[in-house]
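Here's the letter readout for the chains.
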Number of protein chains: 2
Amino acid sequence: MWQVTEDDLAHIATGAGILGTGGGGNPYIGRLRARQAIREWGPVTVLSPDELPDNARVVCVGGIGAPTVGIEKVRDLQSFHALRAIEEYTGEQATALISNEIGGSNSVEPLIPAAMAALPVVDADGMGRAFPEFQMKTFFVYGVPCCPMAVADEKGNSVIIRDTITPHWAERLARATTIQMGCVACYAVAPMSADQVRRTAIPNSLTLARELGSAVERARDNGDDPIAAILATCPGKVLFSGKVVDIERRTTAGFARGSVTIDGLDDFADGQMVIDFQNENLIARLNGEIACIVPDLICAVATDGGEPVTTELMRYGLRVTILGFPAPALWTTPEGLAVAGPKAFGYDAEYSPLTV
Amino acid sequence: MWQVTEDDLAHIATGAGILGTGGGGNPYIGRLRARQAIREWGPVTVLSPDELPDNARVVCVGGIGAPTVGIEKVRDLQSFHALRAIEEYTGEQATALISNEIGGSNSVEPLIPAAMAALPVVDADGMGRAFPEFQMKTFFVYGVPCCPMAVADEKGNSVIIRDTITPHWAERLARATTIQMGCVACYAVAPMSADQVRRTAIPNSLTLARELGSAVERARDNGDDPIAAILATCPGKVLFSGKVVDIERRTTAGFARGSVTIDGLDDFADGQMVIDFQNENLIARLNGEIACIVPDLICAVATDGGEPVTTELMRYGLRVTILGFPAPALWTTPEGLAVAGPKAFGYDAEYSPLTV
């Protein structure tokens, strides 16, 4: 159990910016919004899944939309409205909130309604990274129903996705709703039990994000290499390092889609890496060969300083280092890969685990 | 109070095909579906608004989508699923159902869930014609909330539009949902009171549709002019008569939009009429001058036989007579015109009432 401080928020923003694999919403904006919420409504307690009471009712809240839009149309209190809508619909009060993903601003999105409603948040999430689509959560892969869920905008509109024949249909209907709402909205899913959280969530992820951010800051302060500090905190490897020479990006069907091309520098001077993204980085090809692929994590950080570079901020000339991290084990099962493996994103490729 | 017979359904299909001003969903398909429902689940009673018990809870049900799609993807029991969804959401059981519009298949859509749930339907509707958009109902113009409402598809997906800042937002969110559902869905609105129905509905519309259809059939049987019989039953006028020489039609943003061009014959030999439609006929121009405009009714019937010609069936070579009928008085108030007058459809024209 710990309380989130303003320093923690800065560290989580950095750590979740890395773990978000390019997506999850802009981490800096998320940090500012969470900080304002804590200043206005009071501190938020973080509970590990084991610390949840057995009768806990845990609501997953998150932002949905395209990060390219989210940096211009900053979210307000939509996640609180979505929380109240799903509580009203189910007739159950939340006793704790949980992140849908430990990526970007979504890592701290639950802190805003948590501060407003005086609820704790769980030190866990539904991805252990970020993924672009609603149904891509370990909760739903391992049997938690994805409906009913509420979607709310900043204007006062709210929709309940009441029942769908598959989790993918919930994504489809929520995405169409979000597009109408201006490509930026928040959602809340019907409450889970403590047992469901313990069985299906990726644990310890807020703590990991905080430790990653803290390690980066410490390294910078001490004149050490932040990238080495990241890899010492979270086992992974350097996939590539170079300069962004092209970025192709379009906001379409409610997502930011595109690809970034990086020419190698130093040890990688002969190579070129191309990374495709759909909000998040999905596949990294080095000279045409797959170097890392979903559900493994492909994370871009500034070569100088280790600051994460999310897809909506990627631009020509940036010097970036691309890191790879193995996916949480819940994603590399057949059930996990069916939902968020290469084929789920339309790639005609088998998942080949990253070796670290 | 009367019970709907199979003969009545045939007459209503014809009458609602005329009153539907080209839209409301294909009347023939609606007739077959309603007939099957009555055969399978039993007869349906029609109550006038005055016959409703004062504590009645009246649910408006209807189809939503593009008629061009509806003739290929025939509706099933979606309106029953939508009814059950809104009953569950509101915690109130419907005691009667009401048509959203007395146009095409939507005139009889409530008969299907009514037969299944053994409920009566009200001899009234929310338009007294058909309009393409959800918010264009006299109910909502005169203060009945348009939300919550449920939207359901044939697969098992259902959505509650819980709360919106304006009725137009309900249309926008329901339309986006419908498009995802395959451009054909059904909806049910939270229950109204008997008083709300009496105050805001267009009364007597099922009876009027039945009488119109019956008059057409009688005229045909007697060798009389069916068009004269229509005008004797429902005061209106012949706007034009001729041959369809062009039809431009596209299914876009969840609607069937386009225009039809008709070259005059006989008394109208020197003229050309162009009618714009968005599911329903909106504006008829004779040689470039407005001859009839929403909310007044622009109705196409076969010159020979008086059978209504809905926009999805309009085609080159048809001989059609275009009839105009004055809109119900609830539409010609400033409040009514704000919702369904020329400007609501983007026309830079004032409403000029049809003189009969």
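For every chain, the first residue of the written sequence is number 1, and numbering continues from 1 along that sequence. To read the labels, note that chains go from A and ligands from 1, taken in the order they are written. Since the coordinates come from a predicted model, pLDDT governs what is reported: local features require at least 70, and pairs of side-chain atoms require 80 or more to be given and counted, while whole-chain, interface and lining totals use all residues. Side-chain numbers come from the whole structure's heavy atoms, not from hydrogens or water.

A.B. asks: What should I look at first to understand the pairing of strand β5 (residues 121-125) of chain A in this one?
C.D. replies: Both faces of the sheet carry side chains from a regular strand, because those side chains alternate between them. Residue and element names in this part refer to chain A. Remark: exposure states derive from per-residue accessible area (1.4 Å probe, protein chains only) relative to the maximum for the residue type, with buried under 20%, exposed over 50%, and partly exposed in between. To qualify as a helix, a DSSP run of H or I must reach at least 4 residues; to qualify as a strand, a run of E must reach at least 2; elements of each kind are numbered from the N terminus. Within β5, five of the five residues are buried, which leaves the element mostly enclosed by the surrounding structure. Pairing between strands requires that DSSP locate at least two bridges from one strand to the other. In the sheet, strand β2 (residues 45-47) pairs with β5 via two bridges, with the strands oriented parallel. Across the sheet, the residue bridging to leucine 47 is valine 122, located in β5. Sheet analysis places strand β4 (residues 96-99) next to β5, joined by two bridges and oriented parallel. Note on β5: the bridge partner recorded for leucine 97 is valine 121. A crossover links β4 with its parallel partner β5, the connecting element being helix α5 (residues 111-117), and its sense is right-handed. Looking down the strands as they point away from you, a crossover is right-handed if its path from the first strand over the helix to the second goes clockwise.

A.B. asks: Whenever I open this one, the confidence of the model for chain A confuses me. Can you help?
C.D. replies: Low-confidence regions, as indicated by low pLDDT, have predicted coordinates that should not be scrutinised in detail. Along the chain, pLDDT gives the predictor's confidence residue by residue, from 0 to 100. Averaged over all residues, the pLDDT of chain A is 96; the fraction at 70 or higher stands at 100%. This prediction of the complex comes with two scores: 0.90 for pTM and 0.86 for ipTM.

A.B. asks: What am I meant to see in the environment of B:Leu97 here?
C.D. replies: Residue and element names in this part refer to chain B. Along the chain, the position of leucine 97 falls in strand β4 (residues 96-99). Residue classification places leucine 97 among the buried positions, given a relative accessible area of 0%. Sequence separation between leucine 97 and cysteine 183 is 86 residues; the distance between their C-alpha atoms is 23 Å. For this analysis, residues touch if any pair of their heavy atoms sits within 4.5 Å. With residues near it in sequence (within four places) discarded, leucine 97 still touches Val58, Val59, Leu83, Pro110, Pro113, Ala114, Leu119, Pro120, Val121 and Val122.

A.B. asks: When you look at the relation of the copies chain B and chain A in this model, what are you seeing that I'm missing?
C.D. replies: One copy of the chain maps onto the second through a rotation around an axis plus a translation along that axis. Rotating chain B by 180° about the axis while translating it 0.0 Å along that axis superimposes it on chain A, leaving an RMSD of 0.0 Å. The transformation relating the two chain copies, once decomposed into turn and shift, fits a two-fold axis. In terms of C-alpha distance to the rotation axis, chain B has B:Ile160 as its closest residue, with the C-alpha 2.4 Å off the axis. The share of interface residues of chain B whose copies in chain A are also at the interface is 100%, consistent with both copies meeting through the same surface. C-alpha atoms of residues with pLDDT of at least 70 in both copies form the basis for the least-squares superposition of the copies.

A.B. asks: How should I be thinking about helix α9 (residues 205-222) of chain B in this particular structure?
C.D. replies: Along an α-helix, a turn takes 3.6 residues, which lines up residues three or four apart on a common side. All names here are of chain B. The length a helix should cover is 1.5 Å for every residue beyond the first. With 18 residues, α9 should reach 26 Å at 1.5 Å per residue; the first-to-last C-alpha distance of 25 Å fits that figure. Those residues of α9 that are buried are in contact with β1 (2-3), α1 (6-19), β2 (45-47), β5 (121-125), β10 (202-203) and α10 (226-233). Trailing α9 by a residue or two, glycine 223 shows a phi angle of about 75°, which is positive.

A.B. asks: Is there a simple way to think about unusual backbone geometry in this case?
C.D. replies: Outside of glycine, negative phi angles account for most residues, and trans bonds account for most peptide bonds. Between A:Cys147 and A:Pro148 the backbone carries a cis peptide bond, its omega angle lying at 0°. Even without being glycine, B:Cys183 reaches a positive phi, approximately 70°. Looking at the secondary structure, you find B:Cys183 in the loop between α7 (167-180) and β8 (184-189). The class of B:Cys183 is buried, set by a relative accessible area of 10%. Non-glycine residue B:Ala253 carries a positive phi angle of around 55°. Here B:Ala253 shows up in the loop between β11 (237-252) and β12 (255-264).

A.B. asks: When you look at the packing of helix α7 (residues 167-180) of chain A against α7(B) in this model, what are you seeing that I'm missing?
C.D. replies: Each pair of packed helices can be described by the angle between their axes along with the distance between the axes. Axis definition: a line fitted to C-alpha atoms, over the contacting stretch in the case of helices. Angles run 0 to 180 degrees between N-to-C directions. At a minimum axis distance of 9 Å, the contact between α7(A) and α7(B) shows a crossing angle of 145°. For α7(A) against α7(B), the interelement crossing comes out right-handed. Where α7(A) approaches α7(B), its residues A:Trp169, A:Arg172, A:Leu173, A:Ala176, A:Thr177 and A:Gln180 are matched on the opposing element by B:Trp169, B:Arg172, B:Leu173, B:Ala176, B:Thr177 and B:Gln180. Grouping the constituent residues of the contact of α7(A) with α7(B) by class yields six nonpolar, four polar and two charged. A clockwise turn of the near helix away from the far one marks a right-handed crossing, whereas an anticlockwise turn of less than a right angle marks a left-handed crossing. Three classes are used, and their members are as follows: Ala, Val, Leu, Ile, Met, Phe, Trp, Tyr, Cys and Pro are nonpolar, Asp, Glu, Lys and Arg are charged, and the others, Gly among them, are polar.

A.B. asks: Help me out: how do you make sense of the interface of chain B and chain A in this one?
C.D. replies: Interface size is commonly expressed as the accessible surface area that is lost when the partners come together. Counting from both sides, the interface comprises 22 residues of chain B and, opposite them, 23 residues of chain A. Summed over both partners, the interface of chain B with chain A comes to about 2,100 Å²; 54% of that surface belongs to carbon and sulfur atoms. Per-residue buried area on chain B facing chain A is highest for B:Asn157, B:Arg162 and B:Gln180; these three make up 28% of the total on that side. Note on definitions: salt bridges are taken to be side-chain nitrogens of Lys or Arg within 4 Å of carboxyl oxygens of Asp or Glu. For the salt bridge of B:Arg162 with A:Glu88, the shortest nitrogen-to-oxygen distance reads 3.4 Å. Identification of polar contacts relies on pairs of N or O atoms within 3.5 Å, with a donor-acceptor requirement for protein atoms, meaning one able to donate a hydrogen and the other able to accept it, and with residues adjacent in sequence counted only if both atoms are side-chain atoms. The tally of links from chain B across to chain A stands at 13 residue pairs in polar contact (both at pLDDT 80 or more). For the side of chain B that touches chain A, the secondary-structure elements that each account for two or more residues are α4 (78-90), β7 (158-163) and α7 of chain B. Class assignment of the residues belonging to the side of chain B that touches chain A gives a composition of ten nonpolar, six polar and six charged. One ladder, built from five bridges, connects strand β7 (residues 158-163) of chain A with β7(B); its direction is antiparallel. Values labelled buried area give the accessible surface lost by two parts on being combined, using a 1.4 Å probe and summing over both.

A.B. asks: Just checking my understanding: could you explain the pairing of β12(B) for this structure?
C.D. replies: Residue and element names in this part refer to chain B. Judged by how many residues are buried, β12 sits mostly within the fold: eight of ten residues are covered. Pairing of β11 with β12 involves ten bridges; the strand directions are antiparallel. Bridge pairing in β12 links aspartate 246 to threonine 261. Linking β11 back to β12 in an antiparallel pair, the connection comprises two residues, with alanine 253 at a positive phi of about 55°. The pairing of β12 with strand β13 (residues 272-278) spans seven bridges and is classified as antiparallel.

A.B. asks: Is there a simple way to explain the sheet that holds strand β11 (residues 237-252) of chain A in this structure?
C.D. replies: In any sheet, the strands associate via hydrogen bonds between backbone groups, in a parallel or an antiparallel arrangement. Residue and element names in this part refer to chain A. Spatially, β15-β14-β13-β12-β11-β17-β16 is the arrangement adopted by the seven strands of the open sheet, whose pairing is antiparallel. Strands with a single pairing partner mark the edges of an open sheet, and in this sheet they are β15 (289-293) and β16 (297-302). Across the sheet, the axes of successive neighbouring strands diverge by a mean angle of 35°, strand direction being ignored. Strand direction decides the pairing type here: β16 and strand β17 (residues 319-325), joined by six bridges, are antiparallel. Considered in β17, the bridge of leucine 297 is made with phenylalanine 325.

A.B. asks: Even after reading the chapter, I still don't get the sheet that holds β13(B), so can you show me in this structure?
C.D. replies: Residues and elements named next belong to chain B. Strands sit in the order β15-β14-β13-β12-β11-β17-β16 across an open sheet of seven strands; the sheet is antiparallel. For this open sheet the edge positions go to β15 (289-293) and β16 (297-302), each flanked by a neighbour on one side alone. If you compare each strand with its neighbour and ignore which way they point, the axes differ by 35° on average. Across the face of the sheet, α10 comes into contact with β11, β16 and β17 (319-325) while running at roughly 10° to β17.

A.B. asks: Help me understand the side chain of B:Gln135, please; the structure alone is not making it clear to me.
C.D. replies: Relative to the elements of secondary structure, B:Gln135 occurs in the loop between β5 and α6 (138-141). Those residues in contact with B:Gln135, other than ones at most four positions away along the chain, are B:Phe140, B:Pro167, B:His168, B:Glu171 and B:Val339.

A.B. asks: Explain the packing of helix α9 (residues 205-222) of chain A against helix α10 (residues 226-233) of chain A here, please?
C.D. replies: Residues and elements named next belong to chain A. It is at 8 Å that the axes of α9 and α10 come closest, and there the two elements cross at 150°. When the interaxial angle is binned, α9 and α10 end up roughly antiparallel. At the point where α9 passes α10, the crossing takes the right-handed sense. Residues Leu208, Glu211, Leu212, Ala215, Val216, Ala219 and Arg220 of α9 form the contact with α10, whose own contacting residues are Pro226, Ala229, Ile230 and Thr233. Tallied by class, the residues present in the contact of α9 with α10 amount to eight nonpolar, one polar and two charged. Comment on the angle field: the value is read as roughly parallel under 35 degrees, roughly antiparallel over 145, roughly perpendicular from 65 to 115, and oblique elsewhere.

A.B. asks: What is the right way to look at the environment of B:Asp225 in this model?
C.D. replies: Of note, B:Asp225 is situated in the loop between α9 and α10. Spatially, the C-alpha atom of B:Asp225 lies 9.5 Å from that of B:Thr303, the residues being 78 residues apart in sequence.

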